[in-house]
Amino acid sequence: MPTSSRPARRTQAERRASTRGALLDATIEVLVDRGYARLTATTVCERAGVTRGAQAHYFATKADLVVQALAHLTDRLVDDLVSRPLDVADGPAGQYAVLLDRLWEIFGGPVSSAQLELFVAARTDEDLHRHLVEFDGAVQRTLATAAARVAPELVGREDFKPLMVTAIATIRGLRMLRAVASEPQVQRSWPPARDQLLAGLG
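To keep things clear, this report deals only with the structure shown in the data block. Quick caveat: nothing in here was measured; it's all calculated off a predicted structure. Every chain is numbered independently, its residues counted from 1 as its sequence is written. In keeping with the predicted nature of the model, local features appear solely for residues at pLDDT of at least 70, side-chain atom pairs appear and are counted solely at 80 or more, and the whole-chain, interface and lining totals rest on all residues. For the side-chain quantities, the full set of heavy atoms in the structure was used; hydrogens and water were omitted.

1. Concerning the overall build of the protein chain
Thought 1: Every helix listed is a DSSP run of H or I at least four residues long, and every strand listed is a run of E at least two residues long, numbered separately from the N terminus. Scanning the protein chain from terminus to terminus reveals 10 helices and zero strands.
Thought 2: The order of α-helices and β-strands along the protein chain, N terminus first, is α-α-α-α-α-α-α-α-α-α.
Thought 3: Referenced to the eigenvectors of the C-alpha coordinate spread, the extents of the protein chain come out at roughly 65 × 55 × 30 Å.
Thought 4: Across the 202 residues that make up the protein chain, the buried fraction comes to 39%.
Thought 5: A contact between two residues is defined here by any heavy atoms of the two lying within 4.5 Å. In the protein chain, once contacts between residues fewer than 6 apart in sequence are set aside, the share between residues at least 24 apart is 71%. Whether a residue is buried, partly exposed or exposed follows from its accessible area with a 1.4 Å probe, protein chains only, as a fraction of its type maximum: under 20%, in between, or over 50%, in that order.

2. Things to note about the packing of helix α4 (residues 62-83) against helix α5 (residues 91-106)
Thought 1: The N-to-C vectors of α4 and α5 enclose an angle of 155 degrees; their axes lie 10 Å apart at closest approach. Judged on the interaxial angle alone, α5 and α4 are roughly antiparallel. Of the two possible hands of crossing, α4 and α5 adopt the one that is right-handed. Of the residues in α5, those touching α4 at Leu-77, Val-78 and Leu-81 are Leu-99, Arg-102 and Ile-106.
Thought 2: Taken together, the residues that form the contact of α4 with α5 break down as five nonpolar, no polar and one charged. The convention used is that axes are lines fitted to C-alpha atoms, helices contributing only their stretch in contact, and that angles between N-to-C directions extend from 0 to 180 degrees. An angle below 35 degrees is read as roughly parallel, one above 145 as roughly antiparallel, one from 65 to 115 as roughly perpendicular, and any other as oblique. Less than a right angle of anticlockwise turn of the near helix away from the far helix marks a crossing as left-handed, whereas a clockwise turn marks it as right-handed. Residues are grouped as follows: Ala, Val, Leu, Ile, Met, Phe, Trp, Tyr, Cys and Pro are nonpolar; Asp, Glu, Lys and Arg are charged; all remaining types, including Gly, are polar.

3. Structural notes on the side chain of Thr-74
Thought 1: Among the secondary structure elements, Thr-74 is positioned in helix α4.
Thought 2: Take Thr-74: its relative accessible area is 4%, and that puts it in the buried class.
Thought 3: When neighbours within four sequence positions are excluded, Thr-74 is seen to be in contact with Val-111, Phe-135 and Val-139.

4. A word on the layout of surface pockets
Thought 1: Each pocket or cavity is described by its volume, and for the largest pocket that value is around 150 Å³.
Thought 2: Points on a 1 Å grid, built from protein atoms alone, make a cavity when a 1.4 Å probe fits but cannot get out and make a pocket when they are open with protein on both sides within 12 Å along at least 5 of 7 lines; residues with an atom within 4 Å of a point are the lining residues. Taken together, Val-67, Gln-68, Ala-71, Thr-74, Asp-75, His-131, Glu-134, Phe-135, Ala-138, Val-139 and Thr-142 make up the lining of the largest pocket.
Thought 3: Only α4 and α7 (126-150) provide two or more residues apiece to the lining of the largest pocket.
Thought 4: When residues in the lining of the largest pocket are grouped by element, the largest group, six residues, is from α7. Grid points are joined across faces, edges and corners, and a volume is the space filled by probe spheres set on the points.

Below, the structure written as structure tokens:
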């Protein structure tokens, strides 16, 4: 007779990772749908399908929850950046052009909406502001490490750090125009901005 096999039981560490991931994903969804002011632990838990006790176990404050959720999403997008090498033939200039387009993708979509909500709220929320400062530093380091893996010739330049700072600031600023402009308008603003950034490579 054929034997039936039961699915392997998940370890405690796997269950914890799954619960934490569900909370982080749900937080981004609620943040984008409802905004930071209307985001509550109850709403996030309902969206994630977990208990309030589980949420409180992993995240002490609302600010901690939302910033870690943003970091979680950003890390996934950076992993995608690293998984697709910048395979271009014309050295630093070509690598920079492709890297800019990848950064435009990373800081778009849910990341853009979530950042807009959090950056505005952080102006008057000291706890959120502190978490965002730490997050921003971590993002800069993570992107620099990722760029070193996929665009070594570009990263080897002495002006790489200021180029990246300017590029990220430009991209974030353009993405935040979604608050007052349509998505097609924001997309049309990228090519000329990209050309200006490329010109700065010298």
